[in-house]
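Structural overview for review
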Amino acid sequence: MDKIEVIFCDFDGTITEKDNITALMEQFAPHGWEEIKDQILGEQISIQRGVAKLFSLLPSDRQHEYTQFLLEQTVIRPGFAEFVQFTEEKQMQLYIVSGGIDFFVYPILEPWIRPEKIYCNGSDFTNERVRILWPHACEEPCTNGCGCCKPTILRRFDPRIYHRIVIGDSITDLAVAKLADEVYARDFLIKKCHEHRIPYTPFSSFYDIIRSLNSDNGGEDKNGITQ
Ligand code: MG
Ligand code: ZN
């Protein structure tokens with residue numbers, strides 16, 4: 001029996017050209033947010049703790065402005081609409097797994113992706129400052145403090161039944177790339193795949209991924225680093 005193909009696609013820096021949390025902080029956060037960002041990238045604090053700290057800098061009463069700003073400035077990577085259509089035609093399951101926050105992830109993806117196909121963090125604007133909620137926090141055995149835990153989500157898909165494909169760009173995709181059956185990488189994730197000897201296919205647009213998945217279906221052997 002052929003396995004069911006399931007795709008876990010990152011959002012920030014993968015579907016969108018740039019990172020939305022960074023763009024939001026550059027525009028709205030007071031000085032000091034850069035230090036928190038550096039602590040996250042330097043792995044001195046977990047992603048979950050760092051993101052909570054970043055959003056606690058933002059007043060809740062500007063929620064509408066935050067969403068509008070990101071909707072206006074976000075650029076979608078070429079080929080994404082065609083990619084979504086391709087996965088539907090090929091009956092592949094497509095999930096978006098994102099460390100982003102619901103108030104911008106859902107509206108940006110609204111033209112293409114139904115909410116039940118999206119895993120991301122939540123938000124609470126009822127207090128003075130923005131509080132982030134974690135409906136998909138780490139479960140055993142992950143203790144990374146991922147925030148939105150991609151390994152936990154992927155582990156729910158039995159590898160005997162599913163062929164699990166990961167698409168991503170950065171450090172937040174590394175743990176899940178290690179568990180995947182197939183990886184598409186760009187930017188920093190490429191470097192990390194080399195370091196950890198994870199086989200991957202590089203991409204710069206979603207057209208590259210469509211082409212590669214099409215050749216997979218033709219039975220091409222996909223062992224080893226395909227760059
Ligand atoms: Mg990313
Ligand atoms: Zn985790």
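Computed from a predicted structure; not experimentally measured.

**Concerning the coordination of the zinc ion (ligand 2)**
Protein coordination at the zinc ion (ligand 2): the donors are Cys-138 (SG), Cys-142 (SG), Cys-146 (SG) and Cys-149 (SG), at 2.3 Å from the metal. Its 4 donor atoms give the zinc ion (ligand 2) angles of 106 to 113° at the centre, a pattern that matches the tetrahedral case. Each donor residue of the zinc ion (ligand 2) lies on one chain, and together they are spaced C-x3-C-x3-C-x2-C. For the pair formed by Cys-142 and Cys-146, the shared burial category is buried.

**Here's the deal with a negative patch on the surface**
Residues Glu-26, Glu-34, Glu-35 and Asp-38 make up a contiguous surface patch of negative charge. When residues of the negative patch are assigned to their parent elements, the largest contribution, 3 residues, is made by helix α2 (residues 33–41). Structurally, the position occupied by Glu-26 is in helix α1 (residues 20–28). Judged by relative accessible area, Glu-26 falls into the exposed class, the value being 57%.

**A closer look at the sheet that holds strand β3 (residues 118–124)**
Taken in spatial order, the 7 strands of this open sheet run β4-β3-β2-β1-β5-β6-β7, and their pairing is mixed. Single-partner strands in this sheet number two, and they are β4 (131–133) and β7 (201–202). Sheet analysis places strand β1 (residues 4–9) next to strand β2 (residues 93–101), joined by 4 bridges and oriented parallel. Residue pairing for β2: Val-6 is matched across the bridge by Gln-93. Helix-sheet contacts for helix α6 (residues 102–109) involve β2 and β3, and the interaxial angle to β3 is about 135°.

**Structural notes on the state of the cysteines**
Overall, the coordinates contain 0 disulfides when judged by the stated rule. Looking at Cys-120, it has no disulfide partner, and the nearest cysteine sulfur is the one in Cys-148, 7.0 Å off. Given a relative accessible area of 3%, Cys-120 falls into the buried group. The structure places no disulfide on Cys-193, whose sulfur is separated from the nearest cysteine sulfur, that of Cys-9, by 14 Å.

**Quick notes on unusual backbone geometry**
The omega angle of the peptide bond from Glu-140 to Pro-141 is 5°, so this bond is cis rather than trans. Structurally, the position occupied by Pro-141 is in the loop between β4 and α7 (150–155). Even without glycine at this site, Asp-187 takes up a positive phi of about 55°. As for its placement among the helices and strands, Asp-187 is situated in the loop between β6 (182–185) and α9 (188–195). Given the relative accessible area of 51%, Asp-187 is considered exposed. With phi around 55°, Arg-197 is a residue other than glycine that occupies positive phi space. With respect to the secondary-structure elements, Arg-197 resides in the loop between α9 and β7.

**A short note on the coordination of the magnesium ion (ligand 1)**
Surrounding the magnesium ion (ligand 1) are the protein donor atoms Asp-10 (OD), Asp-12 (O) and Asp-169 (OD), which sit 2.1 to 2.2 Å from the metal. In the primary structure, the donors to the magnesium ion (ligand 1) are separated according to the pattern D-x1-D-x156-D. Each member of the pair Asp-10 and Asp-12 is classed as buried.

**A closer look at the nonpolar core**
Generally speaking, nonpolar side chains in soluble globular proteins are found buried as a group. Ranked by size, the top nonpolar core spans 47 residues in total, and within it Phe-55 and Phe-83 carry the most contacts. Setting aside chain neighbours within four positions, we find Phe-83 in contact with Ile-7, Leu-94, Ile-167, Phe-206, Ile-209, Ile-210 and Leu-213.

**Focus on the packing of α1 against helix α4 (residues 63–73)**
Running from N to C, α1 and α4 point in directions that differ by 120°, and their axes come no closer than 10 Å. Relative to α4, the element α1 is oriented oblique. When you trace α1 past α4, the crossing you get is right-handed. Of α4, the residues touching α1 (which contributes Asn-20, Ala-23, Leu-24, Gln-27 and Phe-28) are Glu-65, Tyr-66, Phe-69, Leu-70 and Gln-73. When the residues that make up the contact of α1 with α4 are grouped by side-chain class, the tally is 6 nonpolar, 3 polar and 1 charged.

Calculation notes
- Residues numbered from 1 in each chain as written.
- Chains lettered and ligands numbered in written order.
- Predicted model: local features only at pLDDT ≥ 70, side-chain atom pairs only at ≥ 80, totals over all residues.
- Heavy atoms only, no water.
- Donors = N, O, S within 2.8 Å, 3.2 Å for Na, K, Ca; no water.
- Tetrahedral: all angles 85-135°; square planar, octahedral: opposite > 155°, others 65-115°.
- Buried < 20%, exposed > 50% of the residue type's maximum accessible area, 1.4 Å probe, protein only.
- Patch = residues over 30% accessible without salt bridge, like charges linked within 9 Å, V, L, I, M, F, W, Y side chains within 5 Å.
- Areas by Shrake-Rupley, 256 points an atom, 1.4 Å probe, with all protein chains shown as cover.
- Salt bridge = Lys/Arg side-chain N within 4 Å of Asp/Glu carboxyl O.
- Lys, Arg positive; Asp, Glu negative; His and termini not counted.
- Charge placed at Lys NZ, Arg CZ, Asp CG, Glu CD.
- Helix = DSSP H or I, 4+ residues; strand = E, 2+ residues; numbered from the N terminus.
- Pairing = 2+ DSSP bridges.
- Contact = heavy atoms within 4.5 Å.
- Axes fitted to C-alpha atoms, helices over the stretch in contact; angles between N-to-C directions.
- Disulfide = S-S within 2.5 Å.
- Core = buried A, V, L, I, M, F, W, Y, C linked by side-chain atoms within 4.5 Å.
- Parallel < 35°, antiparallel > 145°, perpendicular 65-115°, else oblique.
- Left-handed = near helix turned anticlockwise from the far one by under 90°.
- Nonpolar A, V, L, I, M, F, W, Y, C, P; charged D, E, K, R; others polar.

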